[in-house]
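The lines below spell out each chain.
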Amino acid sequence: MAKLLLHYGKDGPLKYLSHLELIRAFERSFRRAGIEVEASGGFNPRPKISYGPALPVGTSSRSEYLVAEVKSTLCDDDIIERISRVLPKGLGVFRAKYIAEKQSSIASVIECVAYKVEVKTLASAGELSSLVEILRNEERLLIKHKGKEKWVDSKESILDWNIEEAGGGRHVFLMLLAAGERNSVRPEVLIDKLNQSYPHVQDIEVVGIERVAEYVNRDIPLIDIYDFYKNVTIGSECEKS
Amino acid sequence: MSLWPQVERVLRRVEKPTRYINSELNSVHKTVTGEGVLVALAYPDVYEVGLPNMGLQILYELLNSREDVVAERTYAPWLDMEAVMREQSIPLFTLESHTALTDFDILGFTLQHELIYTNVLNMLDLAGLPVLAAERGDEHPLVIAGGPGTVNPEPMTPFIDVFVVGEAEELIFELVDAVKELKRAHAGREEVLRRLARIPGVYIPTLYSVEYNDDGTVAKIEAAPDAPSSIIRRIVKDFSAIPVPQRPIVPFMDAVHDRCSVEVMRGCARGCRFCQAGIIYRPVRERTQEQVVSGITQILETTGYEEISLSSLSSADYSAVEGTLKELSERYDGQNVSLSLPSLRVDAFSLGLVKEIAKVKKTGLTFAPEAGTQRMRDFINKNVTEKDVLNTVTLAFQEGWQRIKLYFMIGLPTETEEDLQGIVELSQKVVEAGLATLSGAAKSRLTVTVSASAFAPKPHTPFQWVAQDTLEEFEAKQGYLAARLKGRHLSLKWHNAKSSVVEGAIARGDRRVGDAIYRAWFLGCKFDAWTKEFNYESWRQAFADTGLEGSFYAGRERGFDEVLPWSHIETGVDAEFLKEEFYRATRGEKTGDCRFDGCSDCGVCPNLDAENIIF
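Residues numbered from 1 in each chain as written. Chains lettered and ligands numbered in written order. Predicted model: local features only at pLDDT ≥ 70, side-chain atom pairs only at ≥ 80, totals over all residues. Heavy atoms only, no water.

### With respect to the pattern of salt bridges
Enumeration according to the criterion identifies 64 salt bridges over all chains in this entry. When the shortest N-O distance is used, the salt bridge between A:Arg28 and B:Asp258 registers 3.2 Å. With A:Arg28 in helix H1 (residues 19–33) and B:Asp258 in the loop between strand E9 (231–232) and strand E10 (260–263), the pair connects residues from two separate chains. Residues A:Arg28 and B:Asp258 agree in their burial class; the two are buried. (Salt bridge = Lys/Arg side-chain N within 4 Å of Asp/Glu carboxyl O. Helix = DSSP H or I, 4+ residues; strand = E, 2+ residues; numbered from the N terminus. Buried < 20%, exposed > 50% of the residue type's maximum accessible area, 1.4 Å probe, protein only.)

Written out as structure tokens, the structure is:
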């Protein structure tokens, strides 16, 4: 048995897959790739694969991770090759490595996430910038999401941001947002917040959201989650298929 | 032109957007240039219901195996999606390339049952096509229908240009070739239809005229001079010569069946007299065990499926069933692949099979005694005795099963209170057997679910002449059962009798019933198979508005000499055989299975120049 960390992405129409649908797609892909995954015990054995935080339906990502407990000892290149061959179009594996057996779960170590949010609005980049700045200067923000409310500390929540004009009334927001237990916020919720807080400004319509990176800390230098997990060599040497 | 940008813009507003995306594994994304034929295959229900349909999956793979054909899929958008599509003027599209259906040469629907007919109309309308065939022109795709509904195509004739009766594996290429040639020649619609009528198994309704008697029955059905007087169902004579489809599409979302399903045989010769499938898929043609196992092996490789199902009308009757299951369970031992066997017989043999494959998980078991008394079971030719039922369930309880489902029908011809009481008593005896066999916690978990569906007589069966029960009769019978099937371990389930009555009226309808279907759709009927969407009042109004009586079609007994609206469609089974079977029913005589008990002279083998193929 070995633990395999896989860095993958999800885009195109497949960004509309729910988390459960994504899980099933991966389970079947491992089967097709001929990479045996350990199964849990019990009456209804499930493949032992753990995932990072669920990606909201409609959000694409180039920063998704999963950890699979595999029986194989194939070399990481081989794993990437095998699984890439069988993944449906829209899912892609970037990197893979074996990691130590005792490790914190992906979901538990992520502290902040970088997003790229494309928006459409008649407001200028300058106006948008000042809006975000006003939001950040409020001490606390009331975040409403799926009927729940919570207060977050603005500066601890919106860690960094940048806006670029993309032409045609479009702007690209790059934002680094807190994730995990404290002060976490989602990008679409933040855009909603902008729309609600400044009704006099033109509507900001979200065109697309992409998760671009996940980190295990919130300070400079940021540590990418993939680098956080140290790779290990399995057994004597990996097998070439 | 891809409609994806427009579609994507509205996906945020609908539930389950996965229904409308593409890129499922094994879906085919390709283009043809020049003289290719573009086919859109349509299932008139929502994605998760339509995707697993075996017939469409077979056609999809066959059509796409040709370089000059592109086949894509489309399903009925759910109500929320339909609303935003209409609001944003997005026409119905295929999934693969998100192309409007109007850009295709052929639009093919499958008619799986009567309660999806209004969805066909709605999909045509959503596509921006005239719903009525008569209003479509040369610029529109040819609208084709296949599936079991084509054995009585008449109610759908106002909407469909071409019906394909029977199995399409061979016919489809003849059809595509003809369309390709006609397209090249820029043939007009009428010429196209006349040419296609020459293909055996193809029914072009506009080439047939129907005359009626004063009492509303059909006087005669007349074919145009160059059209065949009757349409003979097409079959694949040697099913084992057709390769097992290897690349079924794997859905992302949870579909009604989401597993590797391989057809082990076509046809069933048990001869249950109420069963249409038992007639219209004859004769029995098996695949070899080797073919089934290697087919499954390949499918698992291309799909990654974790469940295997041996599908057919009665898989326990497949002659190699034991060997196949054994080989599969050995091959996939320890790989977390589960096996399932739909349609069990009520006997120890079937139970033995299930016992083998359900080594760990013992979820519910379903048995279908169909009727409550021996008299009625003999009447419908269901060769099962009460002793068989009780022995089988007792064995099941001994093996550790605690949940049993019993499937019955109410409203079978000649049914009396005694037959209903028989359902009650048999169900209670099954509970008693459970209580006597199980102990401790298992005993307290014992559940016997009784499902009682309302019988609708179908064309091309020995019961095609009988009257269906009225809604009042059905409801009284349901009330009778509900009052008596009570108790801690019993639960009763039934389908809405109202939808069975509508189903019954359409099933044996003539061409004029098409007017009622059109009217019902106009009044908002769609997704009639969905209990929450089914609107009985609108259907009643639709019949009334078009001057028709549902009871004329559903609740009327026909004379043997009546010209039935589907009499020009020949399944291969002789009408004389159906009559004889009806007489035998009334005499309580059983008819054997021709695989074991000698030929029952149904006519299908000589008429279709075929035979049972059993390995």
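### Considering the sheet that holds strand E3 (residues 106–110) of chain B
Residue and element names in this part refer to chain B. Strand order in the open sheet formed by six strands is E2-E1-E3-E4-E5-E6, with mixed pairing between adjacent strands. Looking at the sheet topology across the chains shown, the edges are occupied by strand E2 (69–75) and strand E6 (202–203). Where strand E4 (residues 142–146) meets strand E5 (residues 162–164), two bridges bridge the pair, whose relative direction is parallel. The partner of Ala 145 across the bridge, within E5, is Phe 163. (Pairing = 2+ DSSP bridges.)

### Observations regarding the UniProt feature "domain: DUF2344" (unreviewed entry) in chain A
Look at the UniProt record and you will see "domain: DUF2344" (unreviewed entry) annotated at residues 3–187 of chain A. In this annotation, residues 3–187 of chain A is assigned 26% helix and 38% strand; the end-to-end C-alpha distance for the span is 31 Å. (UniProt positions renumbered as here; feature names shortened; annotations may be inferred.)

### Some details on the interface of chain B and chain A
One frequent convention defines the size of an interface as the accessible area lost when the parts assemble. At the interface, 28 residues of chain B touch 23 residues of chain A. Around 2,200 Å² of area is buried between chain B and chain A when both sides are counted, 50% of it from carbon and sulfur atoms. At the junction of chain B and chain A, the tally comes to five salt bridges. The salt bridge partner of A:Lys15 is B:Glu8, with a shortest N-O separation of 2.9 Å. At the junction of chain B with chain A, the criterion picks out eleven residue pairs in polar contact (both at pLDDT 80 or more). (Contact = heavy atoms within 4.5 Å. Buried area = accessible area lost by both parts, 1.4 Å probe. Polar contact = N/O pair within 3.5 Å; in protein donor to acceptor, adjacent residues only side chain to side chain.)

### Considerations on a negative patch on the surface
Residue and element names in this part refer to chain A. Residues Glu 139, Asp 153, Glu 156 and Asp 219 make up a contiguous surface patch of negative charge. Within the secondary structure layout, Asp 219 lies in the loop between strand E10 (205–215) and helix H7 (225–228). Judged by its relative accessible area of 53%, Asp 219 falls in the exposed class. (Patch = residues over 30% accessible without salt bridge, like charges linked within 9 Å, V, L, I, M, F, W, Y side chains within 5 Å. Areas by Shrake-Rupley, 256 points an atom, 1.4 Å probe, with all protein chains shown as cover. Lys, Arg positive; Asp, Glu negative; His and termini not counted. Charge placed at Lys NZ, Arg CZ, Asp CG, Glu CD.)

### Notes on the domain arrangement of chain B
Residues and elements named next belong to chain B. The assigned domain composition of chain B is domain 1 (4–232), domain 2 (236–342 + 569–615) and domain 3 (344–348 + 356–456 + 467–510). Facing 33 residues of domain 1, the contacting portion of domain 2 comprises 30 residues. Summed over both sides, the interface of domain 1 with domain 2 buries roughly 2,700 Å², with 65% coming from carbon and sulfur. The tally of links between domain 1 and domain 2 comes to three salt bridges. Between Glu 169 and Arg 266 there is a salt bridge, with the nearest N and O atoms lying 2.7 Å from each other. (Domains from an automatic or database assignment.)

### Topic: the domain arrangement of chain A
All names here are of chain A. For chain A, the assigned domains are domain 1 (2–108) and domain 2 (111–215). Each of domain 1 and domain 2 has a C-alpha centre, and the two are 29 Å apart. With eleven residues of domain 1 in contact, the opposing surface of domain 2 contributes nine residues. Summing both sides of the interface, domain 1 and domain 2 together bury roughly 910 Å²; the carbon and sulfur share of this comes to 37%. Here domain 1 and domain 2 share two salt bridges between them.

### Focus on the packing of aromatic side chains
The final tally for this structure, using the stated rule, is 22 aromatic pairs over all chains. Ring centres 4.6 Å apart and planes at 55° place the aromatic pair B:Trp78 and B:Phe527 in the tilted group. Within this pair, whereas B:Trp78 is found in the loop between E2 and helix H4 (79–87), its partner B:Phe527 is found in the loop between helix H18 (513–522) and helix H19 (536–545), the two being separated by 449 residues in sequence. A residue is classified by how much of its surface remains accessible, and B:Trp78, at 12% relative accessible area, is buried. Taking the centre distance of 6.5 Å and the plane angle of 35° together, the rings of B:Phe534 and B:Tyr536 count as tilted. Judged by relative accessible area, which is 15%, B:Tyr536 ranks as buried. Chaining the aromatic ring pairs together yields one cluster made of B:Phe379, B:Phe455, B:Phe463, B:Trp465, B:Phe560, B:Phe582 and B:Tyr583. Against the face of A:Tyr226 rests A:Arg95, its NZ or CZ located 3.9 Å from the ring centre. One residue, B:Arg484, lies across the ring of B:Tyr480, its end atom 3.6 Å from the ring centre. (Phe/Tyr/Trp six-rings, centres within 6.5 Å; stacked < 30°, edge-to-face > 60°. Lys NZ or Arg CZ within 6 Å of the ring centre and 35° of its normal.)

### Remarks on the packing of H18(B) against H19(B)
Residues and elements named next belong to chain B. Contact geometry for H18 and H19: axes closest at 8 Å, N-to-C directions at 130°. Taken together, the axes of H18 and H19 lie oblique to each other. Between H18 and H19 lies a crossing of right-handed hand. Of H19, the residues touching H18 (which contributes Val 513, Ala 516, Ile 517, Arg 519 and Ala 520) are Trp 539, Gln 541, Ala 542, Phe 543 and Asp 545. Across the contact of H18 with H19, the residue classes tally to seven nonpolar, one polar and two charged. (Axes fitted to C-alpha atoms, helices over the stretch in contact; angles between N-to-C directions. Parallel < 35°, antiparallel > 145°, perpendicular 65-115°, else oblique. Left-handed = near helix turned anticlockwise from the far one by under 90°. Nonpolar A, V, L, I, M, F, W, Y, C, P; charged D, E, K, R; others polar.)

### Digging into helix H3 (residues 54–64) of chain B
All names here are of chain B. Every buried residue of H3 is accounted for by Leu 56, Gln 57, Ile 58, Leu 59, Tyr 60, Leu 63 and Asn 64. Buried residues in H3 make contact with strand E1 (37–43), E2, E3, helix H6 (171–184), E10 and strand E11 (265–266). Between the side-chain oxygen of the N-cap and the backbone nitrogen of Gly 55 there are 3.2 Å, and the N-cap of H3 in question is Asn 53.

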